[in-house]
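Chain by chain, the residues:
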Amino acid sequence: MSKIKDAFTKGKAFIPFISAGDHGIENTERYIRVMVKAGANMVEIGIPFSDPTAEGPVIQEASTRALSTGVKIHDIFDMVRRLRTGDDAVTIPLVFMTYLNPIYVFGREKFFTLCEEVGISGVIVPDMPFEEKGELASVANKHGVEVVSLIAPTSENRIEMIAKDAEGFVYCVSSLGVTGMRSEIKTDIKSIVETIRKYTDIPVAVGFGISKPEQAEAMARVSDGAIVGSAIVKIVAEHGEHADQALFDYVQSMKQAVQKANA
């Protein structure tokens, strides 16, 4: 089973995000396979939550749509189990993006035991303060799951502390505020990544606000990869159960842009 580092072994990585259960869990499963075929190096699977504090309106609405279908965490684990089995099994790293509340309500031990069983490589928890990471990592690591740290433009003098303790990859947040597509990214990502690399040699990928190929290429040039969420969720919102081709074309174009950064 792939671990997070495997996503970065063939150059710059493209990492799409999708909200699990948006327009039905069966469509989510199919769309993940589509994105893998289009060249995704790792996929972030969002566990829908009623109060997603780090998300902009596009992903908030996707969470609401998903929850309205009655999707439960067990359904998402079952989907990942299906993705990991059969002749067309997905072998790239899969990580969950979720919040502390769903993990604690479900039960930490139970949650990470199932992550290990189905082949989830890591978790990203935006509302978890760095100081509380140990409470989650102590259980997650026991089951081979890495807890991904986020570093934002406001982290400044906390970068050393967070980077030294980072595992899997560092999620570098490109912009202040919530997720969402931005016409331009003004943050000096290059200097933030250079600071991170003083303290760790694990990969650094940039997310929040990336939606266009030129943005993905620019971010990948100064880091190890680009993460895209809202633009993909928007495609699913627009096409519903028929987003296969639009998703494939978009992910392929973004992967090609990221690959240009390898040159």
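This structure is a prediction, so every number in the text was calculated from the model and none was measured.

The rules behind these values
Residues numbered from 1 in each chain as written. Predicted model: local features only at pLDDT ≥ 70, side-chain atom pairs only at ≥ 80, totals over all residues. Heavy atoms only, no water. Buried < 20%, exposed > 50% of the residue type's maximum accessible area, 1.4 Å probe, protein only. Helix = DSSP H or I, 4+ residues; strand = E, 2+ residues; numbered from the N terminus. Pairing = 2+ DSSP bridges. Right-handed = clockwise from strand over helix to strand, strands pointing away. Arc of directions from axis to C-beta. Contact = heavy atoms within 4.5 Å. UniProt positions renumbered as here; feature names shortened; annotations may be inferred. Salt bridge = Lys/Arg side-chain N within 4 Å of Asp/Glu carboxyl O.

Moving on to the pairing of strand β1 (residues 13-19). In terms of residue burial, β1 counts as a mostly covered element, since 7 of its 7 residues are buried. Of the two faces of β1, the one lined by Ala13, Ile15, Phe17 and Ser19 and the one lined by Phe14, Pro16 and Ile18 are each fully buried. Where β1 lies against strand β8 (residues 225-228), 4 bridges are found, and the strand directions are parallel. By the bridge assignment, proline 16 is partnered in β8 with valine 228. Across 3 bridges, β1 lies against strand β2 (residues 43-46) in parallel orientation. Bridged to isoleucine 18 within β2 is isoleucine 45. The handedness of the β1 to β2 crossover, carried by helix α1 (residues 25-37), is right-handed.

Every buried residue belonging to helix α3 (residues 73-83) is among Ile73, Ile76, Phe77, Met79, Val80 and Leu83, and all of these are buried. Relative to the axis of α3, the buried residues are bounded by an arc of 155 degrees and lie together on one face.

What follows is about the side chain of lysine 133. Position of lysine 133 among the secondary structure elements: in helix α6 (residues 133-140). According to the relative accessible area criterion, lysine 133 is buried, its value standing at 3%. Ignoring sequence-local partners within four residues, the contact set of lysine 133 consists of Met128, Val147, Ser149, Asp165, Ala166 and Glu167.

All right, on to the UniProt feature "active site" (unreviewed entry) in the chain then. Annotation from UniProt places "active site" (unreviewed entry) at Glu44 and Glu55. Structurally, the position occupied by glutamate 44 is in strand β2. The buried category is assigned to glutamate 44, whose relative accessible area is 1%.

On to the pattern of salt bridges, then. Inspection of the entire model under this criterion finds 15 salt bridges. In this structure, arginine 81 and glutamate 117 form a salt bridge, with 3.5 Å as the shortest nitrogen-oxygen distance. With arginine 81 in helix α3 and glutamate 117 in helix α5 (residues 108-118), this pair connects stretches of sequence that are 36 residues apart. With relative accessibility at 31%, the residue arginine 81 sits in the partly exposed group. Of the residues examined, glutamate 117 reaches a relative accessible area of 53% and is grouped as exposed. A salt bridge links glutamate 160 to lysine 164; the shortest N-O distance between them is 2.7 Å. Linking glutamate 160 with lysine 164, this pair stays in helix α7 (residues 159-164), spanning 4 residues, or about one helical turn.

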